[in-house]
Every structure is written in C-alpha cells, then in structure tokens.
Amino acid sequence: MSRMNLATTLRDPTELAAQGLVPAADLADLEKVAARYAIAITPDLAALIDPNDAADPIARQFVPSKEELLLDQGERADPIGDHAFSPVAGIVHRYPDRVLLKLVHVCAVYCRFCFRREMVGPGKDSALSEAAYSSALDYIRTHKQIWEVILTGGDPLMLSPRRLKQVMHDLAAIDHVRIIRIHTRVPVADPSRISDDMLQALRVESATVWVALHANHARELTEHARQAVARLVDAGIPMVSQSVLLRGVNDSIVVLEELMRAFVECRIKPYYLHHGDLAPGTAHLRTTLARGQALMGALRGRVSGLCQPQYVLDIPGGAGKSPVGPNYLQAENSFVGEGDAASETRYRVTDYCGEVHLYPPQR
C-alpha cells in the first residue's frame, strides 16, 4: 500500500482501519482507547506513515495501540504534578520566575505518550473561559517575579491568529514579562497554519518571543515543515526543540543524531530530550534511564555541541525537571599540593571516547 494522501484529519479507529493503519481485529480495544484518549493524525503526518512497516516510527507516535489499555505501576493521570502548582485555572507556577499558561486543551495531533493525555482533546474543556483568562492575567500581573510566560496546553497555535494576537499583546503589556515562549507541534503537524496572519500575531514589541518545536524523528521535518520553521525564524523568532526519548521511535544513536542535526540545519537549537513521563498506558513507549544516558554519552562523541540537548526527567509529583544525563566527573581522592592548591580533590574525567583522565594531572 502506498503512503496516504488525505484531505482530512483521522480521528476514529474505523478510519485508521480503513487506511490500513490498525488491524480490524483490534477495533474493539481501540474504541476503548479512543473513549479515554483523544486521537488525531493530520494529513501531513499521515503522509509520512508507511502502513507496510509495523515498526514505523511516525505511526508509533500517533496511531493508537491496545497496549494503551495496560496501566503500569507508578503511572498517574497528572504525572508531573501540574495540579499541585496551579493557583488559578490555566496557570502552573512551579518555578519562581516563570509560569505555564494553558490556553487551550486541543492539539492538531495527539501523541500517544502525552503526559497531559487525560486533560486534552474533544470533550475536555477546550479553552479558558474569559473569566478564567482574566484571572490568569491578574495572577501574572501581581507576581512580579514572573519573567517568562510559557504558552502551552494543548497547542497554543491552534488558537486563531486574532485570538493569539490579543493574548500576546495582553502578556507583553505586563512590564515584568520579558519572555513569551510558545510550545507547539503545529509546524510539523499542520505547517499551513504558520501563515502571514499567524506570524503577525506573534510579533510584539515589548517582549521577546521564542518558539519551542516538539519533534521526535527527523522524518517529521519535511520540506513543508522546514518552510514553516523558516518563516518563523526569518520573522525574527528564535527556536529551540523539545523531544521525548521513545522506545521504537528515536532510541538509537543513528536516529537521535539525525534528528538533532536536522534541528540545527533548520536553525533550531536542541533544548530538551525528555525521559518519558509516567502517563497512563505509555509503558510500551518508555525507555530506561540507563538507555537514555548511554545514548547521550554516544551523542556527545558524534555530533557538534550545537546538537546537544539536555536529557531531563520531570520528577513525578511536581518537583520539576532534573538533568539525568551521564556523569563525566568523579572525585577520586584528595591530595596535598602547594600554595593555593594545598588541599585539592583529584577527579577522574571521562572524555568523549570513554577514556578516563586525572585532573589535575599527576606530575
């Protein structure tokens, strides 16, 4: 079967079966999955899926699986503890100088590993009410330590340009808000949304706008996606990347290297490589931390520093992100030196080839 050329977004297991993306024998189970977790695969992403490849990395991210009905120990509906740090609707204030502003709970495409999968999609609250939005702005105004507002959700670029423009101007009008960051998949999921009107909506004079693009495989950065990214960057909007380490998608050094280089070629600085969160029904997509550390160690030896993301774990319950990459430095012992170095620890430092060196060197 050739790859798909669709006009509309796939949203139902029967549509997926008709396109050869799921076995008809699995439909009963997949209807149960769909009743709990949203499904949407845009034409741009569906066109990347090879229905003849049972291990297709694009399909693995977006096509539902009956494995999602299996709950693993420790999985939870709010795996990173958003609710515990939400003082008013729409706001998550976990770190002192920045907040999340969750404007919408819909996305162009629904990832099967999403840590907010219990909160997003049709049937959920689609957007903040005007009263809740006003209260969120008031919270930001009265907390003057907030330097950065991160628009998330859902995907904020699902808003109309008119609505987004109003939000951007409302935030930029707050004196202490200097950075507005937008987390999105739209440039890869639906690149046509990055229109002149959308670009105009993102432009504000009194705050710096950043866009963080979520992509997990280099194939997602199609020619149309790269054009959408170029439009953002050429408009003066710097970009960073976010990716999730996923079993069967990007948990090989070759795939990870290709992805990070593709980002940099698109003028996107790799930012975070997230360890998979304990979202319900996602165990089949998570790797081990040891695997992630090994991949990061291999990546350091293979690609430019421009291509290095930070491997992070969102600690369950709300304690925030912690770097969990490999450790290249170990204390060996203390030694007696001279002058200012009369008592200093000697370290074992591992280089990118895996060789160990002493620092300071032995005389």
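Calculation criteria
Residues numbered from 1 in each chain as written. Predicted model: local features only at pLDDT ≥ 70, side-chain atom pairs only at ≥ 80, totals over all residues. Heavy atoms only, no water. Phe/Tyr/Trp six-rings, centres within 6.5 Å; stacked < 30°, edge-to-face > 60°. Buried < 20%, exposed > 50% of the residue type's maximum accessible area, 1.4 Å probe, protein only. Lys NZ or Arg CZ within 6 Å of the ring centre and 35° of its normal. Pairing = 2+ DSSP bridges. Helix = DSSP H or I, 4+ residues; strand = E, 2+ residues; numbered from the N terminus. Axes fitted to C-alpha atoms, helices over the stretch in contact; angles between N-to-C directions. Contact = heavy atoms within 4.5 Å. Core = buried A, V, L, I, M, F, W, Y, C linked by side-chain atoms within 4.5 Å.

Novice: Where do I start with the packing of aromatic side chains in this structure?
Specialist: Any pair of aromatic rings gets described here by the distance separating the centres and the angle formed by the planes. Evaluated as defined, the whole model comprises 1 aromatic pair. Their ring planes at 20° and their centres at 4.1 Å tell us that Tyr271 and Tyr272 sit as a pair that is stacked. Look at Tyr272 and you get buried, because its relative accessible area is 13%. Over the ring of Tyr37 we find Arg117, and its NZ or CZ is 3.6 Å from the ring centre.

Novice: I tried to follow the sheet that holds strand E7 (residues 268-274) on my own but got confused; where do I start?
Specialist: In space, the 9 strands of this open sheet follow the order E1-E2-E3-E4-E5-E6-E7-E8-E9, with mixed pairing throughout. Either end of the sheet is taken by a strand with one partner, and the two such strands are strand E1 (91-95) and strand E9 (320-323). Within the sheet, the average angular offset between the axes of one strand and its neighbour, ignoring direction, is 30°. Bridge count for E7 against strand E8 (residues 310-315) is 3 bridges, and the pairing is parallel. Its bridge partner lying in E8, Tyr272 is registered against Gln310. Across the sheet, helix H10 (residues 253-265) lies against strand E5 (208-214), strand E6 (239-244) and E7, angled at about 145° from E7, the strand it touches most.

Novice: How should I be thinking about the nonpolar core in this particular structure?
Specialist: Generally speaking, a soluble globular protein has its nonpolar side chains buried in company with each other. Of all hydrophobic cores here, the largest spans 65 residues; its most connected members are Leu101, Ile140, Val149, Leu151, Leu164, Met168 and Leu171. With sequence-adjacent residues up to four places away left out, Leu151 is seen in contact with Leu101, Leu103, Pro156, Leu164, Val167, Met168, Leu171, Ile180, Arg181, Ile182 and His183. Core analysis: the second largest hydrophobic core is formed by 27 residues, Leu10, Val22, Cys111 and Leu285 among them.

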